[in-house]
Amino acid sequence: MFVTFEGLDFSGKSTQVKLLAEYFKSTGANVEIIREPGGTAISEEIRNILLDNKYSEMEVETELLLFSASRVQSVKERIAPYLNKNITVISDRFHDSSIAYQGYGRGVPLDFLIPLQKFAIQNAVPDITFFIDIPIDEVLSRKSKLKVEDVDRIESAESHFYERVRDGYLLLCEEEKRFRIINGLLSIEQIHKIIVKEIESLINE
Ligand code: ADP
Ligand code: TYD
């Protein structure tokens, strides 16, 4: 099974990815976690360029192509080989992040972006995608608890950008059956329980 998590920055994805991996392990399943951008030597190098605050001049096209390049490497080097061996893969973000952030957030035309993502992921289409939804106020409140130097280039965005990204995610949720919208204001444990229920019902389908 290939599971992806999506949402605004600080929505609680990494927390839920770890809990879901523990759940899979408790059932005896083999599971691997991927983080995007990252997860391979090349992808981690690309991640450092993408998130470095010193590159404020980065063009949106550059940003999109770097995220997509990192994704191709993760898919070919890790995700596809794992799925071929029946290992469950959980990815903290995937191609929907590019559609939401670079497409809806930064305005890259979708008629270019969507085929590019299909090219980048090839056959690795997620079976289920959890969109952990939190309001923009909550993003800003969770961000305010971090030290300034811990906020990366993309997380430095203003609230209008997050509004556009969130609206984009909600449109994707309407279009694609694999999405499940989860209220990210629930407690960590409540969210985990909902996610496990969804996974179990997918397995039993
Ligand atoms: P992301 O991977 O989406 O950036 P994290 O899992 O790193 O999110 O969580 C961001 C922050 O929000 C962390 O401080 C985390 O402890 C907190 N957090 C995560 N889930 C919840 C939740 N359900 N309710 C309140 N705070 C949460
Ligand atoms: P990261 O710290 O991994 O995410 P999070 O804050 O959600 O834990 O940072 C990744 C940043 O990159 C995040 O702000 C979302 C952004 N991003 C894109 O803009 N496009 C993409 O395709 C991906 C994968 C991430």
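Residues numbered from 1 in each chain as written. Chains lettered and ligands numbered in written order. Predicted model: local features only at pLDDT ≥ 70, side-chain atom pairs only at ≥ 80, totals over all residues. Heavy atoms only, no water.

Enquirer: Describe in detail the site of ligand 2, supporting the description with residues and values.
Expert: Within the structure, ligand 2 sits among 15 residues, and Lys13, Arg93, Ser98, Gln102 and Glu155 are positioned closest to it. The contact in question runs from an oxygen atom of ligand 2 to an N or O atom on the side chain of Ser98, over 2.6 Å. The separation between a nitrogen atom of ligand 2 and a polar side-chain atom of Gln102 is 2.8 Å. Breaking the shell around ligand 2 down by element, the ones donating at least two residues are helix 2 (41-51), helix 3 (60-84) and helix 4 (95-105). For the shell around ligand 2, the element with the most residues is helix 4, which contributes four residues. (Near = heavy atom within 4 Å. Polar contact = N/O pair within 3.5 Å; in protein donor to acceptor, adjacent residues only side chain to side chain. Helix = DSSP H or I, 4+ residues; strand = E, 2+ residues; numbered from the N terminus.)

Enquirer: So what's going on with helix 8 (residues 188-203)? Which residues, and what values?
Expert: End to end, helix 8 covers 23 Å across 16 residues, agreeing with the expected 22 Å (1.5 Å per residue, within 8%). Along helix 8, the residues classified as buried are Ile191, His192, Ile195, Val196, Ile199 and Leu202. All buried residues of helix 8 project into a common sector of 135 degrees when viewed along the axis, lining one side. The outward face of helix 8, more than 90 degrees from its buried face, is lined by the exposed residues Lys193 and Lys197. At its buried positions, helix 8 is contacted by strand 1 (2-7), helix 1 (13-26), strand 4 (128-133) and strand 5 (179-183). (Expected span 1.5 Å × (residues − 1). Buried < 20%, exposed > 50% of the residue type's maximum accessible area, 1.4 Å probe, protein only. Arc of directions from axis to C-beta. Contact = heavy atoms within 4.5 Å.)

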